[in-house]
Amino acid sequence: MSKQVKTRRTTVPQIAARKGGDPIVSLTSYHAHTAAIVDKHADFILVGDSLGMVMHGMESTVGVPLDLMIMHGRAVVKGTQKALVVVDMPFGSYEESPSVAFRNAAKIMKETQCGAVKLEGGARMAETIRFLTERGIPVMAHIGLTPQSSHVMGGFKTQGRDEDTWAAHEADAQAVSDAGAFAVVLEGMVEPLAAKITKQIPIPTIGIGASAECDGQILVLEDMLGLSPWTPKFVKVYGNLGEMIEKAVEEYATDVKSRAFPSEDEIYR
Ligand SMILES: Nc1nc(=O)c2c([nH]1)NC[C@@H]1CN(c3ccc(C(=O)N[C@@H](CCC(=O)O)C(=O)O)cc3)CN21
Ligand SMILES: CC(C)C(=O)C(=O)O
Ligand SMILES: [Mg+2]
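The rules behind the values
Residues numbered from 1 in each chain as written. Chains lettered and ligands numbered in written order. Predicted model: local features only at pLDDT ≥ 70, side-chain atom pairs only at ≥ 80, totals over all residues. Heavy atoms only, no water. Helix = DSSP H or I, 4+ residues; strand = E, 2+ residues; numbered from the N terminus. Buried < 20%, exposed > 50% of the residue type's maximum accessible area, 1.4 Å probe, protein only. Areas by Shrake-Rupley, 256 points an atom, 1.4 Å probe, with all protein chains shown as cover. Lys, Arg positive; Asp, Glu negative; His and termini not counted. Charge placed at Lys NZ, Arg CZ, Asp CG, Glu CD. Phe/Tyr/Trp six-rings, centres within 6.5 Å; stacked < 30°, edge-to-face > 60°. Patch = residues over 30% accessible without salt bridge, like charges linked within 9 Å, V, L, I, M, F, W, Y side chains within 5 Å. Salt bridge = Lys/Arg side-chain N within 4 Å of Asp/Glu carboxyl O. UniProt positions renumbered as here; feature names shortened; annotations may be inferred. 1 Å grid on protein atoms, 1.4 Å probe; cavity = no way out; pocket = protein on both sides within 12 Å on 5 of 7 lines; lining within 4 Å. Contact = heavy atoms within 4.5 Å. Polar contact = N/O pair within 3.5 Å; in protein donor to acceptor, adjacent residues only side chain to side chain. Core = buried A, V, L, I, M, F, W, Y, C linked by side-chain atoms within 4.5 Å. Axes fitted to C-alpha atoms, helices over the stretch in contact; angles between N-to-C directions. Left-handed = near helix turned anticlockwise from the far one by under 90°. Nonpolar A, V, L, I, M, F, W, Y, C, P; charged D, E, K, R; others polar. Near = heavy atom within 4 Å. Sits in = over half its atoms within 2 Å of the grid points. pLDDT = per-residue confidence, 0-100. Donors = N, O, S within 2.8 Å, 3.2 Å for Na, K, Ca; no water.

Brief notes about the overall build of the protein chain
1) Next: A count of helices and strands for the protein chain gives eleven helices and eight strands.
2) Next: Principal axes of the C-alpha set define a box for the protein chain whose edges measure 70 × 55 × 35 Å.
3) Next: Relative to its full complement of 269 residues, the protein chain shows a buried share of 48%.
4) Next: Entry remark: accessible area of the protein chain is about 14,400 Å², with carbon and sulfur atoms responsible for 56%.
5) Next: Side chains of the protein chain carry 27 positive and 33 negative charges; the gap between the two charge centres is 7 Å.

Right under this line is the structure:
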């Protein structure tokens, strides 16, 4: 009986060690088969709570339930072999207290077999980040534009336009790093602030709408594939899946109406 050689997944310390080195490649994925493709080229894959908006038509990420994150997280872990899989903790699953956060993060890790969780917030979440990491749960932090707080921020607003706010963002970055986060997403902040934070802290920064100076980059897969009906300015669109799907669906509709489908190839005799 031959024993299958199992490729080892990228580990949390391997990501952390990339500070100042080769840029870290990351995308979101919510789905086993697309994750398998992303897995070939990404260092880590994020099962983002953006899935509420992208997959389920919600207007924000605030309504995303824990069980939905777990279902998509499990699918992505099953579909991949190589990349570290990080699952977003959804709104309401971690803010109340470190012990609530631990219980829900442990549930995510047990039920999905992912390698780490991500949560939003800087200095205010530092105690929770420390509580989780000291108990075996690697945490990726997320500061700047934090979509789960969009109701407080008054929408999805780019951060750091007013230089007076920079000190608070820098303190957030330092706080999550000191608390033990292995990396931090910098979302939707002016470029010089993201570059400055990247130089200041010892953990990798992962930019989205941030800076090319960040230690890595992440985008929502559907956005960069050209499948999203709208995208923020920070998205570079690398594909045209939306057009490709429409063309295929249109051809199929034509074939059904003309009875060209199914043909001899697609029927049983
Ligand atoms: N499809 C998708 N892509 C994302 O990147 C994403 C989600 N969904 N959902 C969760 C959050 C929400 N995100 C967003 C959503 C909108 C803007 C946006 O409209 N930004 C304005 C900037 C406005 C300003 O500068 O204040 C833009 O014009 O890009 C940004 C990030 C990022 N995340
Ligand atoms: C945009 C990334 C960083 C995210 O948090 C998500 O997709 O939910
Ligand atoms: Mg998210």
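As for the packing of aromatic side chains
Given two aromatic rings, their pairing is described by the distance between the two centres and the angle made by the two planes.
1) Next: As enumerated under the stated definition, the model contains two aromatic pairs in all.
2) Next: Arranged with centres 6.4 Å apart and planes meeting at 80 degrees, the rings of F102 and F131 form a pair that is edge-to-face. Taken together, the residues span a long stretch of sequence, with F102 in helix α5 (residues 98-112) and F131 in helix α6 (residues 126-134) at a distance of 29 residues.
3) Next: We classify F131 as partly exposed; its relative accessible area is 24%.

Some points on a nonpolar patch on the surface
1) Next: Together, L227, I245 and V249 make up an exposed nonpolar region whose accessible area comes to about 240 Å².
2) Next: Here L227 shows up in the loop between α10 (221-224) and α11 (241-258).
3) Next: Since its relative accessible area comes to 35%, L227 is described here as partly exposed.

So, the UniProt feature "binding site: Mg(2+)" (unreviewed entry) in the protein chain
1) Next: Feature annotation in UniProt assigns "binding site: Mg(2+)" (unreviewed entry) to the following positions: D49, D88 and E120. Judged by maximum C-alpha separation, these annotated positions cover 72 residues in sequence but sit close together in space, the widest gap being only 10.9 Å. Considering only the residues just annotated, the largest pocket is lined by D49, D88 and E120.
2) Next: Looking at where D88 falls in the secondary structure, it is placed in strand β3 (residues 84-88).
3) Next: What makes D88 buried here is its relative accessible area of 3%.
4) Next: Excluding anything up to four places from it in sequence, D88 contacts L46, V47, G48, D49, M69, I108 and K118.
5) Next: A polar atom in the side chain of D88 sits 2.8 Å from the backbone nitrogen of D49.

What about the nonpolar core?
1) Next: F44, V117, I129 and L186 are the most contacted members of the largest nonpolar core, which totals 73 residues.
2) Next: Sequence-distant contacts of L186, defined by excluding residues within four places in its chain, comprise I143, A194, I197, T198, T205, I206, G207, I208, A210 and C214.

Comments concerning the packing of helix α4 (residues 66-79) against α5
1) Next: Put simply, α4 and α5 touch, their axes get as near as 8 Å, and they point 35 degrees apart. When you trace α4 past α5, the crossing you get is right-handed. In this structure, α4 contributes L66, D67, I70, G73, R74 and V77 to the contact, and α5 contributes N104, K107, I108, E111 and T112.
2) Next: Classifying every residue of the contact of α4 with α5 gives four nonpolar, three polar and four charged.

As for the site of ligand 2
1) Next: Around ligand 2, the neighbouring residues are T28, L46, G48, D49, S50, D88, K118, H142, V185, I208 and V220.
2) Next: Interatomic distance of 2.8 Å between a side-chain N/O atom of D49 and an oxygen atom of ligand 2.
3) Next: The separation between an oxygen atom of ligand 2 and a polar side-chain atom of S50 is 2.6 Å.
4) Next: Protein chains bury 95% of the 260 Å² of accessible surface belonging to ligand 2 in isolation.
5) Next: Cavity membership is defined here by more than half of the atoms lying within 2 Å of grid points; on that basis ligand 2 lies in the largest pocket.
6) Next: Across the shell around ligand 2, the residue classes break down as four nonpolar, four polar and three charged.

Comments concerning the confidence of the model for the protein chain
1) Next: For the protein chain, per-residue confidence averages 97 on the pLDDT scale, and 98% of positions sit at 70 or higher.
2) Next: Scored as a complex, the prediction yields pTM 0.97 and ipTM 0.97.

Here's the deal with the coordination of the magnesium ion (ligand 3)
1) Next: At this site the magnesium ion (ligand 3) is bound by D49 (OD) and D88 (OD), with donor distances of 2.2 Å. Here the residue D49 occupies a position in the loop between β2 (44-47) and α3 (51-54), and D88 occupies one in strand β3, the gap between them amounting to 39 residues. Pair check on accessibility: D49 and D88 agree, each one buried.

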